[in-house]
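Letter by letter, the chains look like this.
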Amino acid sequence: MATTTITKTEKLVGKAMRRQEDPRLITGSATYVDDIQMPGMLHACILRSPHGAANIKSVDIAAALAHPGVAAVYVGKDTEKVGPVPCGASLPGLRVPHHYVLAIDRVYFIGHPVAVVVATDKYIARDAVDLIEVEYETLQAVTDPEKAIGPGAPPVHPEWPDNVAFNYHQEGGDVDTAFAQAEVVVKQRITSQRLIPSSMETRGVVADYNTGDKALTIWSSTQIPHLMRTLVAQMLGAPEHKVRVVTPEVGGGFGSKLNVYAEEALMGFVAMKLGQPVKWIESRRENCMCTIHGRGHVDYFEVAAKKDGTILGIKLKLIQDLGAYHQLLTPAIPTLSVLMMPGLYRCQNVRADIVGAFTNAVPTDAYRGAGRPEATHGIERMVDILAAELKMDPAEIRLKNFIHNDEFPYATGTGLSYDSGNYAAPLHKAMDLIDYHNLREEQRQARSQGRLMGIGLSTYGEICAFGPSPATPAGGWESATVKIEPSGMVTVMTGSSPHGQGEETTFAQITADELGVGIDDVIVLHGDTAIVQYGIGTFGSRGTAVGGTAVYFALQELKKKIKKYGAMLLESEEVSFSDGVCVDHKTGKSVTLAEIAGASHRAMKLPPGTQPGMVETYFWEPPNFAFPFGAHAVVTEVNRETGDIEIKRYVAVDDCGNIINPLIVAGQVHGGVVQGLGQALWEQAVYDDNGQLITGEFMDYAIPRASMIPWIETEHTVTPSPVNPLGVKGVGEAGTIGCSPAVVNSVVDALSTLGVRHIDMPMTPEKIWNLMEGARA
Amino acid sequence: MISQQFEYSAPATLQEALDLLANEGAKPLAGGMSLIPMMKLRLAAPEQLIDIGRLRELNYIRREGEQMHIGAGTTHWDVESSPIVRAHCPLLSETVSNIGDIQVRNRGTIGGSAAHADPSADYPAAFCALEAQFKLVKKGGERVVGASDFFVDMLTTALESGEIIAEVIVPVEQRGTGVSYQKCVQPASGFAIVGVAVRVSSEFVRIGVTGLGAKAYRATNAEEIYTSTHDAAKAAAVVADGADSNSDIHASASYRKHLARIYTQRALKEAASRMG
């Protein structure tokens, strides 16, 4: 036992640290699904519908089966008994089409899986797909959600000719009185176009079935290994404890891998049938066609206000383009928009009506922000439209309507309880950083020279840290296990499943501080259901706020045990534990964590009522969501000749509560802003009237590149969340949510002298040019 | 994204390559920046690929008198970074630096780009403005074709079966000539929605336009107006006249024509300012 101690006093939480996971990612030593090689592994390729809507008259697989190297070909009838691709969301009266893993007699969207070929290599499998003869009877398709629910539209599902999957109504306060008392009402149709999430790594699945054990292992690029295991086991009728799901490295998801897909069960089915491992790797074209899309809103907003700018009421009619099926959360996503529709404003009188529209397109589902960017875009556009109507400054009208600092926790008209906030602070900071008042003067000068300069603000709030279990389809808690090995090295196992969020670093920072060890003494494991206790996953900006909190509480439990062992070893009644040592302050004697860990495993002697070993598991149920907020400010200039938009400055001030690692937070904001810019300026999934996806490749789907991105200035205010002991809120989606309305507001401001009031995204140069031409005419 | 099966040969000499290319179903592969993606999408399915990208015989840049000779297998990056090209044919240097990204420019070749004849490719605008000549070779034959005859239609050139480009010949730019390439970038692909290449001196003006129609063209009517008026706006106003403009989700026909006029004006002004 040491009598002198080396104490570690430098705290890592709050420190900008390089990510622990980066060396393997940067040096190419990480393992993705496609890196997995197994003896005897077969390769699958999927035949997909070339039509948006068609009846399948016949499928002839004879030539494909006869092709040398083909092991099997399965069509819809072969897989009919596999359970449907699951929808985890429930809404009253929701129509749920049976989503077979392979189409049976009808295809509903381009890319709809029709058959799967399994062969000895991927080249043979691909060639054999072309040998399958399918006779289709093409049907009229509909891809526009407003047309789909309008008169005369072809039915996506013949059993529901109106194409309405659900109607959802939510109301708070007294909307009719608010609108009756209004001195001004502004209305606008606002769209949030369909987007293709475009993770750098496409989806991929490897499945292996041990015929002796009757045990199935699935490696999948997913955000939710445990939920996927439960649901795929159900689909396959396999006992859950004999299904293991592993997520190796996941190269991005943005919500698109917060799902259970047909291919995951299909590969399990193939492996069980053939008793050989099988791999399927999604091509980029398949990723564009068949992995969920995001957004897809047509919103009709109405805002009632007093002449002084006080917002009295908000109405929203929301048409959600659902696609042909419900994936895991499809119908739930627009309900999040409704929850968020009042934004940061003190307006209790809200009414929303959602129509969920079936279309002949791939389903929409969660994509970075998932419902909240659409809502924020809407309300932040409406506030600017109201300000323009009342000739008020956009900053002033926001400051006037913000929920006050002394009103938290604040019960919204949509049933949420905002945890904490200081909404004026980031707005003021953003305005200071961008020099708002001088900018307005600069703008006056620019306008006098005929230049189209715009200044745009957005002040956003978001629902993060999903979330309390009663409000989450499959449970909203998270789990953590922390164990200290006999040597004193620490292993953390988190039920959340990070895939780019840097939690191997942030969770290690939290752990290192609590246990007083170095960051390299901690390893964070995740994404293997055979190793890690059940968990929920990473999505909805929940990783640190819920998963990190579970780690924190597991550490508190562990520290109790450490102190018991410390007291026993020091033969003391009362010891303290900090900086990696237990100290008896009466004697000055101390014992290190490694010594305690060793003693707990050697177990020569045990503290009374204490088990050997040094492991604690904690399942944390959050009492509420957390609600980050912030303000983005953007300066743009529009080229009069071409309609090109130049972003002159971009300032993002986010308040995500306490910050564990500023470097990671900055990275999250940057990435989020880039995807917000993508929506505002370039990206759109375009289907033609036959249901063909025009933007099925990166030749036509414009994801932003580094060269297209302006300098992003990031700053923060810090308002800790009272919901969790770390005081963190979540930041993964913030950039995306704050960005698009700020950019659109800026460009509308630039064109306001031409009478432009609103522009739908993406704001392509041609769209802008047409607006300018229209104003000239 | 897996192509159909094909045979692959990497001949050691041009002669050997031409012998192989005489086979039915053989297709030359140079940098593969267009052909390989088309094969992966199964839009192209050649039975035999003859890799001419490794032939040193096709990889050179040299000046001979008043002409520059560039081997068809010269990569975009080699053209972009060549001091000789920069000194004697700055329009090519500027144009090529606009192609794709550095990875594409490291693989793609001048001959491959010309032979593919993508209507939105950058190079053809410069070829038209430079009145480039293409030395075409096949087994037992050789001929030279000018740019205006070489580009026939969308993805279609004067190349016959078994024939490849061996060399691109462009004039050495005389002192006092200003050049410019101005491009409106399609945000997804990086190709040109329109691209305009201009050479202007006290003696002449040449305007090459890509992206607008099915093939790149020399805008002779605009050249004539500029020659007589030296007015960039007036010349640019007619640059798209008579053109059968492309239209897609990135730019409608009328907007493309508008852009062609704007970018022509910009290119003329920039080139004139560089006349020195």
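Residues numbered from 1 in each chain as written. Chains lettered and ligands numbered in written order. Predicted model: local features only at pLDDT ≥ 70, side-chain atom pairs only at ≥ 80, totals over all residues. Heavy atoms only, no water.

Things to note about the overall build of chain B
Secondary structure assignment for chain B yields twelve helices and 14 strands. Its C-alpha atoms give chain B a radius of gyration of 18 Å, near enough to 19 Å, the size a compact globule of 276 residues would have. Along the first, second and third principal axes, the C-alpha atoms of chain B reach 55 × 45 × 30 Å. Taken over 276 residues, chain B has a buried fraction of 55%. For chain B, long-range pairs separated by at least 24 residues make up 61% of all intrachain contacts whose partners lie at least 6 apart in sequence. (Helix = DSSP H or I, 4+ residues; strand = E, 2+ residues; numbered from the N terminus. Rg over C-alpha atoms; globule rule 2.2 N^0.38 Å. Buried < 20%, exposed > 50% of the residue type's maximum accessible area, 1.4 Å probe, protein only. Contact = heavy atoms within 4.5 Å.)

Section: helix α6 (residues 225-236) of chain A
Residues and elements named next belong to chain A. Under the 1.5 Å per step criterion, the end-to-end length of α6 is 16 Å for twelve residues, consistent within 8% with the ideal 16 Å. Listed as buried for α6 are Pro225, His226, Leu227, Met228, Arg229, Thr230, Leu231, Val232, Ala233, Met235 and Leu236. On its buried face, α6 is in contact with β10 (215-220), β11 (243-246) and α7 (262-274). Directly after α6, the chain includes glycine 237, whose backbone phi takes a positive value near 65°. (Expected span 1.5 Å × (residues − 1).)

What to know about unusual backbone geometry
All names here are of chain A. Residues phenylalanine 408 and proline 409 are joined by a peptide bond in cis, for which omega reads -5°. The residue proline 409 is located in the loop between α11 (394-401) and β16 (410-411) in this model. Here phenylalanine 466 and glycine 467 are connected by a cis peptide whose omega angle stands at -25°. Looking at where glycine 467 falls in the secondary structure, it is placed in the loop between β18 (452-461) and β19 (478-484). Residues other than glycine seldom take positive phi values, yet phenylalanine 254 does so here, at roughly 55°. Turning to its location among the elements, phenylalanine 254 is positioned in the loop between β11 and α7.

Here we look at the packing of aromatic side chains
One pass over the full model with this rule turns up 23 aromatic pairs over all chains. A centroid spacing of 5.5 Å and a plane angle of 70° characterise the contact between Tyr108(A) and Tyr325(A), whose relative ring orientation is edge-to-face. Highlighted residues: Tyr108(A) in the loop between β4 (106-107) and β5 (113-119) and Tyr325(A) in the loop between β14 (311-323) and α9 (333-340), separated in sequence by 217 residues. As far as the burial class goes, Tyr108(A) and Tyr325(A) line up, both buried. Taken together, a centroid distance of 5.1 Å and an interplanar angle of 85° make the contact between Phe150(B) and Phe151(B) edge-to-face. (Phe/Tyr/Trp six-rings, centres within 6.5 Å; stacked < 30°, edge-to-face > 60°.)

Overview of the domain arrangement of chain A
All names here are of chain A. Split into domains, chain A comes out as domain 1 (22-29 + 477-620), domain 2 (33-139 + 202-250 + 257-290) and domain 3 (297-467 + 624-776). When each unit is reduced to the centre of its C-alpha atoms, the spacing between domain 2 and domain 3 is 37 Å. The interface is formed by 31 residues belonging to domain 2 together with 24 residues belonging to domain 3. Here domain 2 packs against domain 3, burying approximately 2300 Å² in sum over the two surfaces, 66% of which is carbon and sulfur. It is Phe109, Ile110 and Cys288 in domain 2 that bury the most area against domain 3; as a group they hold 19% of the surface buried on that side. Put simply, domain 2 and domain 3 have one salt bridge between them. One salt bridge connects glutamate 697 with arginine 285, and the closest N-O pair in it is separated by 2.2 Å. On the surface where domain 2 and domain 3 come into contact, there are nine residue pairs in polar contact (both at pLDDT 80 or more). Of the residues forming the side of domain 2 that touches domain 3, the biggest block, five residues, is contributed by helix α8 (residues 284-290). Looking at the side of domain 2 that touches domain 3, its residues break down into 21 nonpolar, seven polar and three charged. (Domains from an automatic or database assignment. Buried area = accessible area lost by both parts, 1.4 Å probe. Salt bridge = Lys/Arg side-chain N within 4 Å of Asp/Glu carboxyl O. Polar contact = N/O pair within 3.5 Å; in protein donor to acceptor, adjacent residues only side chain to side chain. Nonpolar A, V, L, I, M, F, W, Y, C, P; charged D, E, K, R; others polar.)

Section: the domain arrangement of chain B
Residue and element names in this part refer to chain B. Parsing chain B into structural domains produces domain 1 (7-51), domain 2 (56-171) and domain 3 (178-273). One C-alpha centre belongs to domain 1, the other to domain 2, and the line joining them spans 18 Å. Domain 1 puts 13 residues into the contact, and the matching count from domain 2 is twelve residues. The junction of domain 1 with domain 2 conceals about 1100 Å² of combined surface from both sides, 72% of it contributed by carbon and sulfur atoms. The largest per-residue losses of area from domain 1 upon contact with domain 2 belong to Leu14, Leu18 and Met33, which jointly make up 44% of the total buried on that side. The tally of links from domain 1 across to domain 2 stands at zero salt bridges. If you look at where domain 1 meets domain 2, you find one residue pair in polar contact (both at pLDDT 80 or more). Sorting elements by how many residues they give to the side of domain 1 that touches domain 2 places helix α1 (residues 14-21) first, with four residues. In terms of residue class, the side of domain 1 that touches domain 2 is built from nine nonpolar, three polar and one charged.

Details of helix α15 (residues 543-570) of chain A
Residues and elements named next belong to chain A. Between its terminal C-alpha atoms α15 stretches 38 Å, which fits the 40 Å expected from 28 residues at 1.5 Å a residue. Among the 28 residues that make up α15, 21 are buried, leaving the element largely enclosed by the rest of the structure. In the stretch just after α15, glutamate 571 is the one whose phi turns positive, near 50°.

As for the packing of helix α14 (residues 503-515) of chain A against α15(A)
Residue and element names in this part refer to chain A. Interaxial distance between α14 and α15 falls to 10 Å at its minimum, and their mutual angle equals 30°. Taken together, α14 and α15 sit at an angle that is classed as roughly parallel. Between α14 and α15 lies a crossing of right-handed hand. Here Glu503, Thr506, Phe507, Ile510, Thr511, Glu514 and Leu515 of α14 come into contact with α15, specifically with Gly543, Thr544, Gly547, Gly548, Val551, Tyr552, Leu555, Gln556, Lys559 and Ile562. Of the residues in the contact of α14 with α15, the class split is seven nonpolar, seven polar and three charged. (Axes fitted to C-alpha atoms, helices over the stretch in contact; angles between N-to-C directions. Parallel < 35°, antiparallel > 145°, perpendicular 65-115°, else oblique. Left-handed = near helix turned anticlockwise from the far one by under 90°.)

Considerations on the interface of chain B and chain A
The interface of chain B with chain A comprises 24 residues on the first partner and 27 residues on the second. Between chain B and chain A lies a buried interface of about 2100 Å² when both sides are counted; carbon and sulfur atoms form 56% of it. Its largest share of buried area at the contact with chain A, chain B owes to Ile2(B), Ile249(B) and Tyr255(B), together 28% of the area lost on that side. Connecting chain B to chain A are three salt bridges. Across the contact surface, chain B and chain A share ten residue pairs in polar contact (both at pLDDT 80 or more). In terms of residue class, the side of chain B that touches chain A is made up of twelve nonpolar, ten polar and two charged.

Observations regarding the pairing of strand β2 (residues 54-60) of chain A
Residues and elements named next belong to chain A. As judged from the two bridges shared by β2 and β4, these two strands associate in the antiparallel manner. Bridge pairing in β4 links alanine 54 to valine 107. Where β2 meets strand β6 (residues 133-138), six bridges bridge the pair, whose relative direction is antiparallel. Note that in β6 the partner of isoleucine 56 across the bridge is tyrosine 136. (Pairing = 2+ DSSP bridges.)

A look at the state of the cysteines
All names here are of chain B. Within this structure, the stated rule accounts for zero disulfides over all chains. Not part of a disulfide, cysteine 184 finds its nearest cysteine sulfur in cysteine 128, a span of 19 Å. You can call cysteine 184 buried: its relative accessible area is 9%. (Disulfide = S-S within 2.5 Å.)

With respect to the nonpolar core
Residues and elements named next belong to chain A. One finds Val116, Met267, Val278, Ile314, Leu386 and Tyr418 to be the most contacted residues of the largest nonpolar core, which totals 132 residues. A per-element tally of this core places helix α10 (residues 372-390) first, with eight residues. If we ignore the near neighbours within four places in the chain, the residues touching methionine 267 are Ala44, Val116, Val205, Ala207, Val278 and Trp280. With 67 residues, the next largest nonpolar core counts Leu452, Cys656, Ile712 and Val744 among its residues. (Core = buried A, V, L, I, M, F, W, Y, C linked by side-chain atoms within 4.5 Å.)

Considerations on the pattern of salt bridges
Residues and elements named next belong to chain A. A complete count under the given rule lists 58 salt bridges over all chains for this structure. Salt-bridge contacts for arginine 189 lead to glutamate 146; the nearest nitrogen and oxygen are separated by 2.6 Å. Pair noted here: arginine 189 is in strand β8 (residues 184-192) and glutamate 146 is in helix α4 (residues 145-148), with a separation of 43 residues, a long-range link. Its relative accessible area of 24% is what places glutamate 146 among the partly exposed residues. Note that aspartate 384 is salt-bridged to arginine 398, the shortest N-O span being 2.8 Å. One end of the pair, aspartate 384, is in helix α10; the other, arginine 398, is in helix α11, and 14 residues separate them in sequence.

Concerning the sheet that holds strand β12 (residues 278-281) of chain A
All names here are of chain A. If you trace the seven strands from one edge of the open sheet to the other, you get β3-β5-β1-β12-β9-β10-β11, paired in mixed fashion. Because the sheet does not close on itself, it has two edges, and the strands there are β3 (70-75) and β11. In this sheet, adjacent strand axes meet at a mean angle of 20° when their direction is disregarded. Strand direction decides the pairing type here: β10 and β11, joined by four bridges, are parallel. Bridge pairing in β11 links isoleucine 218 to valine 245. Strands in contact with helix α3 (residues 122-129) are β1 (42-48), β3 and β5; relative to β1, the strand with the most contacts, it is inclined by about 25°. Along the sheet face, α6 touches β10 and β11 and points at about 140° away from the line of β11.

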